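# Inside the fold
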Amino acid sequence: LKMSWFWFYLPLRLLMVARFCHSIKAPTTSSQQSFKTDLFNFYHSLILADGKETTIHLLKDIPKRYYFVLEEGRALAPFTITVTPCDVPIEWSILVHKASASFLGKAAQGDHDTQEVSKSQKAPSMVSTIFNYKGNSVETYMGVSSHSALYMLEFLSTERDTHITVYLTTDTTSGHLYPELPMDPRIDVIGIGHTTVTLTWKHSPSVLQHRENIQYCLLVNEKHNYKTLCAAETAIRSSGMKLPPTLALSLSPYLLEPQQVMILSNSELSIINKASSGEVRQICMGTKNTYTVPNLSPSTQYYFDIFVVNLLTNASVAYTGTFARTLEEPEPKVMEMKDGKVIQVVLDGKKQKFYSLQYQARHKKIQFTFQLCRGQVQVHITKNGKTVALENISGLRYFSLKGKLRDTYLVQVRSTEESNSSVKVQVSSHFHKPLFPLLPESLKIKSFSKLRTCNSVTIAWLGTQEESKYCVYKKRIEEDQVWMELQSADRCSGPESRHKSEKVLCKYFYDLNLQRAVTTETIKGLDAGTLYLFDVYLFGPSGIPVRYHSKVVKTRKKC
């Protein structure tokens with residue numbers, strides 16, 4: 001690093017003046033007191049604090065210098081300096097000026113300070129560079145200092161403005177601020193799946209000695225490895241996200257930003273930062289040295305960094321990062337559809353996977369029919385690779401499509417809920433032979449509160465212009481069963497799934513005038529103050545039933 005000797009010898013002048021100021025018993029004027037205060041403030045701003053971590057902000061291409069000397073009375077003492085870059089590589093050096101104690105004593109007298117400094121400037125051999133480094137890794141220098149030596153640290157960033165942290169200590173007996181890395185600091189990938197990667201690493205000596213104050217934290221992202229936790233924080237902030245201090249590595253409560261998600265389970269703290277460029281995931285798992293990272297995307301390269309963290313100081317050191325690519329997701333099996341055949345598909349809501357069906361048209365006009373049995377389902381239909389339909393379905397839904405002979409249709413269905421869903425699918429070119437019966441405008445069952453008695457209820461439902469068969473079923477239920485019965489009802493199941501004792505009656509009816517196509521039924525022989533679940537099944541020419549929406553009615557307690 002280029003530097004001016006003026007900057008190195010400046011603290012010598014300050015030391016001389018500082019010692020002179022120490023000898024002042026009392027100021028003679030207020031201006032002298034102000035001068036003394038300003039001088040001490042400037043002098044101490046250049047000195048690195050012993051035993052404390054100092055944050056230093058660097059401007060691009062502008063070197064910054066800090067100094068340290070030993071307390072008087074100490075002959076030889078070990079010291080360590082740890083520098084942690086944040087964001088970009090930096091250059092830093094340690095220079096030492098070895099002068100005699102008599103020189104400092106003479107200089108401090110005040111009469112010959114200029115002459116002595118001039119002599120020193122003529123003897124550059126007394127100044128030597130004992131260490132220099134360029135990079136973005138955490139680097140520690142260990143040395144032995146004497147009271148007659150003055151040290152200068154110079155820092156330079158040539159890429160852009162940044163900040164670093166510097167830790168100086170001369171006390172090697174009170175433990176380590178920074179945790180220790182093992183002899184082999186590599187992270188090993190021992191398992192790769194479609195959505196998981198399993199990692200292991202050797203224990204830090206600090207974990208074995210101070211288990212209650214040390215923990216491992218994992219950083220997962222899709223860009224690159226980070227050599228320091230400080231660099232990771234800076235990168236996350238630069239992507240437009242705000243982050244709690246030190247990545248919230250201690251388990252202290254933080255208010256997260258809207259783009260952050262915190263998950264705490266099985267003594268593991270996970271914070272997921274959502275960004276346009278992907279997500280950055282931090283997971284703290286205590287002192288376990290094996291971890292399986294879940295919920296990854298298939299066929300994606302991820303970078304993994306392990307940091308061992310001192311919970312008392314938030315100081316950390318990084319293992320050597322690694323990366324791995326998850327396995328490709330196997331191509332979903334495509335089931336061939338046959339004209340007129342009904343296929344029932346059961347979907348796993350947690351995995352959110354598509355179920356694929358394929359059909360090659362034998363006619364120019366075809367019709368897809370979907371009957372939702374349970375849950376919520378999204379349907380995506382493509383013709384020769386182009387989307388022709390995409391929507392969430394409920395109840396019964398028809399899609400009539402036109403094309404060419406031999407057109408290939410691909411139907412993909414998936415659950416839009418976390419719970420499992422089920423749907424029946426049929427494709428047919430015979431429009432004149434519908435699979436399902438003609439449906440009314442609404443499949444709701446209505447009950448009449450004023451017609452309720454202690455042992456009977458009256459219900460009504462809509463019919464159609466086509467004569468059809470309707471069957472009514474009832475089931476006695478408890479108050480705490482209502483929600484489960486309504487949610488778990490399979491709307492595709494027919495009366496064959498019901499107990500014979502639940503059947504009330506079957507009847508035929510229709511009306512050419514849709515406004516009068518309504519029928520009512522009074523169900524008798526019920527118990528007072530009891531909940532009943534009523535279902536109506538509609539049968540068409542094909543014999544496949546359509547279930548109306550279940551209705552829960554309670555008989556009166558007193559009549």
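Up top is the structure these notes are about.
Residues numbered from 1 in each chain as written. Predicted model: local features only at pLDDT ≥ 70, side-chain atom pairs only at ≥ 80, totals over all residues. Heavy atoms only, no water.

Counting its secondary structure elements, the chain contains seven helices and 35 strands. The long-range fraction of contacts in the chain, counting pairs at least 24 apart against all pairs at least 6 apart in sequence, stands at 75%. (Helix = DSSP H or I, 4+ residues; strand = E, 2+ residues; numbered from the N terminus. Contact = heavy atoms within 4.5 Å.)

All right, on to the packing of aromatic side chains then. All chains considered together, the criterion is met by 19 aromatic pairs. Between Tyr303 and Phe323, the ring centres sit 5.8 Å apart and the planes meet at 45°, which makes this aromatic pair tilted. Of this pair, Tyr303 sits in strand β16 (residues 301-310) while Phe323 sits in strand β18 (residues 322-325); the two residues are 20 residues apart in sequence, bridging distant segments of the chain. One aromatic cluster is present, formed by Phe68, Phe79, Trp92, Phe131, Tyr141, Tyr151 and Phe155 through successive ring pairs. The ring centre of Phe539 lies 5.6 Å from the NZ or CZ of Lys469, which sits over that ring. Over the ring of Phe509 we find Lys507, and its NZ or CZ is 6.0 Å from the ring centre. (Phe/Tyr/Trp six-rings, centres within 6.5 Å; stacked < 30°, edge-to-face > 60°. Lys NZ or Arg CZ within 6 Å of the ring centre and 35° of its normal.)

Applying the stated criterion across every chain, the model contains 13 salt bridges. Measuring nitrogen to oxygen at the nearest pair gives 2.9 Å for the salt bridge that ties Asp184 to Arg186. On the accessibility criterion, Asp184 (19% relative accessible area) is buried. A salt bridge links Arg397 to Glu391; the nearest nitrogen and oxygen atoms lie 2.9 Å apart. Residue classification places Arg397 among the partly exposed residues on the basis of a relative accessible area of 29%. (Salt bridge = Lys/Arg side-chain N within 4 Å of Asp/Glu carboxyl O. Buried < 20%, exposed > 50% of the residue type's maximum accessible area, 1.4 Å probe, protein only.)

Per the stated rule, a full pass over the model turns up two cavities of 30 Å³ or more. By volume, the largest cavity is sized at about 80 Å³. Taken together, Gln371, Leu372, Gly395, Leu396, Leu443, Arg491, Val546, Arg547 and His549 make up the lining of the largest cavity. Of all the secondary structure elements, the ones that give two or more residues to the lining of the largest cavity are β22 (365-374) and β34 (545-547). Of the residues that constitute the lining of the largest cavity, the class distribution is four nonpolar, three polar and two charged. (1 Å grid on protein atoms, 1.4 Å probe; cavity = no way out; pocket = protein on both sides within 12 Å on 5 of 7 lines; lining within 4 Å. Points joined across faces, edges and corners; volume = space filled by probe spheres on them. Nonpolar A, V, L, I, M, F, W, Y, C, P; charged D, E, K, R; others polar.)

Pairing within the open sheet is antiparallel, and its four strands lie in the order β20-β27-β22-β25. The open sheet has two free edges, formed respectively by β20 (342-347) and β25 (396-402), since each of these has just one partner strand. Sheet twist, expressed as the mean angle between neighbouring strand axes with direction ignored, is 20°. With six bridges connecting them, β20 and strand β27 (residues 421-428) associate as antiparallel partners. Across the sheet, Ile343 pairs through a bridge with Val425, a residue of β27. (Pairing = 2+ DSSP bridges. Axes fitted to C-alpha atoms, helices over the stretch in contact; angles between N-to-C directions.)

Before going further, it helps to spend a moment on unusual backbone geometry. Unlike most non-glycine residues, Asn384 shows phi in positive territory, near 55°. In this structure, Asn384 sits in the loop between β23 (377-383) and β24 (386-393). Residue Asn384 is classed as partly exposed on the basis of its relative accessible area of 48%. Here the phi dihedral of Arg406 falls at roughly 75°; this positive angle occurs in a residue that is not glycine. Tracing the sequence through the fold places Arg406 in the loop between β25 and β26 (408-415).

Moving on, we get to the nonpolar core. Ranked by size, the top nonpolar core spans 25 residues in total, and within it Leu199, Trp201, Tyr216, Leu218, Val293 and Phe304 carry the most contacts. Those elements that place two or more of their residues in this core are β10 (197-201), β11 (214-221), β15 (290-293) and β16. Ignoring anything within four residues of it in the chain, the contact list for Val293 reads Thr195, Thr196, Val197, Leu199, Leu218, Val220, Arg281 and Phe304. (Core = buried A, V, L, I, M, F, W, Y, C linked by side-chain atoms within 4.5 Å.)

Glancing now at the side chain of Ser421. Tracing the backbone shows Ser421 in strand β27. With a relative accessible area of 1%, Ser421 lands in the buried category. A distance of 3.2 Å separates the side chain of Ser421 from the backbone oxygen of Gln376, its partner in a polar contact. Here Ser415 takes part through its side chain, which lies 2.9 Å from a polar atom of the side chain of Ser421. Contact partners of Ser421, with chain neighbours within four places excluded, come to Val345, Val346, Leu347, Arg374, Gly375, Gln376, Val377 and Ser415. (Polar contact = N/O pair within 3.5 Å; in protein donor to acceptor, adjacent residues only side chain to side chain.)

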